[in-house]
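So you can see what is in the structure, the chains are spelled out below.
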Amino acid sequence: MNPAAWAQKPSKKAASAAPAPEVLYAQRPEALRFADDLAERRGLDREWVRQAIGQARFLPQVPRLMLPAPRGTAKNWAAYRSRFVEPVRIRAGVRFWNDNADTLARAEREYGVPAEMIVGILGVETIYGQQMGNFRVMDALATLAFDFPAAHPRARERQAYFQGELEQFLSLADRTGIDPFAPRGSYAGAMGLGQFMPTSWTRWAVDFDGDGRIDLFKSTADAIGSVANYFKAHGWVTGLPTHYPVAFDESQLRLPELLAPDILPSFTADEMAARGVRLLAPDGAGAAAGPLALIELQNGGAPASYVAGTQNFYVVTRYNWSSYYAMAVIDLGREVAAAR
């Protein structure tokens, strides 16, 4: 080496371009204590668990992605919908439905969940497997288990959730014999065509192609059956619409009271009518709809949109706690069905 090089200071440009040092969780005593506790609770090999957690990498971008939008950020249903109900996903959905029509029909028969709902979920989540995420699941879950952002309003609760998901993931890897560093997924650790978290994989994923194992990455049949099983397990009611259009009687409208339960179905059709909201359902179907929730979809500076969500609308939000997400799934499924 040229001796003069030792005296040269790196340029600011070179310094800024240098990659951040890699941080492994083997350097974190609390992570290794968690590994020891996990191994004891689950009856797993202690050294295997310590090695897995210890070799997980901290991903600095992941905590930032978990923070909610700043206060005052206006929600916009039209803009949100346009991200998911658009030509690329609709065309991909038609191809997926045509290629898997028999499997979708079987899932509908066995679980009572319409094919268009399954197609809507898989389209919104990953464009039918095209975008399943590039984060190592082990790294993402470890980052959120040990470095969940303290600025989040529910930081303690969410960190405990991700510690549970990390535990489920390692237990799943042990049972199936997979390398815990092989699966790739979302920045939150969701995996496969339907973006199942490890707990959801353990509880509700099914071997729908009958090959003796569950593969939500490559088996479209397993992904289809698992989404249908998830919906059924969370209370899907066969034949019930997801929502009804509504009209307001401004003279009786008690909007804050109706919106207070958020997306939890809490009112009968008659109770909604008494508070100024009438269902626009044919043949009085709304009267037998069971409990309902008034769903508000804000449109930025424009007037908000409203629908009456049923138990089935609530079931869709168990996949992702968002009325905007649920409506995008429903609308994409319908658009794909219409395009066929």
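The structure displayed is predicted, hence computed values, not measured ones.

Reading guide: rules and limits
Residues numbered from 1 in each chain as written. Predicted model: local features only at pLDDT ≥ 70, side-chain atom pairs only at ≥ 80, totals over all residues. Heavy atoms only, no water. Helix = DSSP H or I, 4+ residues; strand = E, 2+ residues; numbered from the N terminus. Buried < 20%, exposed > 50% of the residue type's maximum accessible area, 1.4 Å probe, protein only. Areas by Shrake-Rupley, 256 points an atom, 1.4 Å probe, with all protein chains shown as cover. Phe/Tyr/Trp six-rings, centres within 6.5 Å; stacked < 30°, edge-to-face > 60°. Salt bridge = Lys/Arg side-chain N within 4 Å of Asp/Glu carboxyl O. 1 Å grid on protein atoms, 1.4 Å probe; cavity = no way out; pocket = protein on both sides within 12 Å on 5 of 7 lines; lining within 4 Å. Points joined across faces, edges and corners; volume = space filled by probe spheres on them. Contact = heavy atoms within 4.5 Å. Pairing = 2+ DSSP bridges. Axes fitted to C-alpha atoms, helices over the stretch in contact; angles between N-to-C directions. Parallel < 35°, antiparallel > 145°, perpendicular 65-115°, else oblique. Left-handed = near helix turned anticlockwise from the far one by under 90°. Nonpolar A, V, L, I, M, F, W, Y, C, P; charged D, E, K, R; others polar. pLDDT = per-residue confidence, 0-100.

K.L.:
Any chance you could explain the overall build of the chain here in plain terms?
P.N.:
Per the secondary structure count, the chain includes 16 helices and six strands. Along the longest, intermediate and shortest principal axes, the C-alpha atoms of the chain span 85 × 50 × 40 Å. Here the chain, with 340 residues, has 48% of them falling under the buried criterion. Carbon and sulfur atoms make up 52% of the accessible area of the chain, which amounts to about 17200 Å² in all.

K.L.:
I would appreciate a short explanation of the packing of aromatic side chains in the present structure.
P.N.:
The description of two aromatic rings rests on the distance between their centres and on the angle between their planes. Following the criterion strictly, the structure yields 19 aromatic pairs and no others. Arranged with centres 6.3 Å apart and planes meeting at 75 degrees, the rings of phenylalanine 231 and tyrosine 319 form a pair that is edge-to-face. Of this pair, phenylalanine 231 sits in helix α12 (residues 220-233) while tyrosine 319 is found in the loop between α15 (311-317) and α16 (323-339), placing the two residues 88 residues apart along the sequence. Exposure class is identical for phenylalanine 231 and tyrosine 319. Each is buried. A centroid spacing of 6.5 Å and a plane angle of 75 degrees characterise the contact between tyrosine 314 and tryptophan 321, whose relative ring orientation is edge-to-face. Look at tyrosine 314 and you get buried, because its relative accessible area is 17%. Tryptophan 321 sits in the exposed class, given a relative accessible area of 55%. Counting every residue linked through ring pairs, the aromatic cluster contains Phe196, Trp204, Tyr230, Phe231, Trp236 and Tyr319.

K.L.:
Where do I start with the pattern of salt bridges in this structure?
P.N.:
Pairing between side chains of opposite charge can happen when the charged atoms of each approach one another. A full pass over the atoms with the stated rule returns 19 salt bridges. Residue aspartate 139 is joined to arginine 57 by a salt bridge in which the shortest nitrogen-to-oxygen separation is 3.6 Å. With aspartate 139 in helix α9 (residues 137-146) and arginine 57 in the loop between α3 (46-54) and α4 (61-66), this pair connects stretches of sequence that are 82 residues apart. According to the relative accessible area criterion, arginine 57 is partly exposed, its value standing at 27%. Connected through salt bridges with shared partners, the residues Glu22, Arg57, Arg136 and Asp139 form a single ionic network.

K.L.:
Please clarify how the layout of surface pockets should be interpreted in this entry.
P.N.:
Take a probe with the size of a water molecule and roll it over the atoms, and the empty space left behind shows itself. Empty space within the second largest pocket amounts to approximately 340 Å³. Along the walls of the second largest pocket sit 15 residues, with Leu172, Thr176, Ile178, Trp201 and Ile214 positioned nearest its centre. Going through the elements one at a time, α10 (155-176) and α11 (198-204) are the ones with two or more residues in the lining of the second largest pocket. Residue contributions to the lining of the second largest pocket peak at four residues, all from α10.

K.L.:
Explain the environment of methionine 197 here, please?
P.N.:
Position of methionine 197 relative to the elements: it lies in the loop between β2 (184-185) and α11. Judged by relative accessible area, which is 12%, methionine 197 ranks as buried. A sequence separation of 34 residues divides methionine 197 from glutamine 163, and the C-alpha atoms of the two residues are 12 Å apart. Among all residues touching methionine 197, those that are not within four sequence positions of it are Leu141, Tyr161, Phe162, Glu165, Ala188, Gly189 and Ala190.

K.L.:
Can you help me understand the sheet that holds strand β6 (residues 302-309) in this one?
P.N.:
Sheet strands associate in pairs through backbone hydrogen bonding, adopting either a parallel or an antiparallel arrangement. Taken in spatial order, the four strands of this open sheet run β4-β3-β6-β5, and their pairing is antiparallel. This sheet does not close on itself; its edge strands, each paired only once, are β4 (277-279) and β5 (293-299). Pairwise comparison of adjacent strand axes, ignoring direction, gives a mean angle of 40 degrees for this sheet. Where β5 meets β6, six bridges bridge the pair, whose relative direction is antiparallel. Bridging from a neighbouring strand, leucine 297 pairs with serine 305 of β6. This element, α16, spans β3 (243-248), β5 and β6 of the sheet and lies at about 90 degrees to β5.

K.L.:
Just checking my understanding: could you explain the side chain of arginine 89 for this structure?
P.N.:
Along the chain, arginine 89 turns up in helix α6 (residues 87-99). With near-sequence residues (within four places) excluded, arginine 89 lies in contact with Arg83, Phe84, Gly123, Val124, Ile127, Tyr128, Leu332 and Val336.

K.L.:
Looking at this structure, how should I read the packing of α6 against α16?
P.N.:
Describing two packed helices takes the angle between their axes plus the distance from one axis to the other. In contact at an axis separation of 9 Å, α6 and α16 are set at 65 degrees when each is read in the N-to-C sense. One element, α6, and the other, α16, form an angle in the roughly perpendicular class. In terms of crossing hand, the pair formed by α6 and α16 is right-handed. Contacts from Arg89, Ile90, Gly93, Val94 and Trp97 of α6 reach α16 at Leu332, Gly333, Glu335, Val336, Ala337 and Ala339. Of the residues that constitute the contact of α6 with α16, the class distribution is seven nonpolar, two polar and two charged.

K.L.:
Help me understand the confidence of the model for the chain in this model?
P.N.:
Note: predicted coordinates in regions of low pLDDT should not be interpreted at a detailed level. The predicted model of the chain averages 92 in pLDDT, with 91% of residues at 70 or higher. Below pLDDT 50 for its whole length, residues 1-17 participates in one contact with residues either more than four positions away or in separate chains.

K.L.:
Help me understand the pairing of β3 in this model?
P.N.:
Two faces make up the sheet, and in a regular strand the side chains alternate between them. Two strands pair when backbone bridges link them, and β3 and β6 are joined in this way by three bridges, in the antiparallel orientation. Paired with proline 245 across the bridge in β6 is valine 307. Pairing of β3 with β4 involves three bridges; the strand directions are antiparallel. Paired with alanine 247 across the bridge in β4 is arginine 278.

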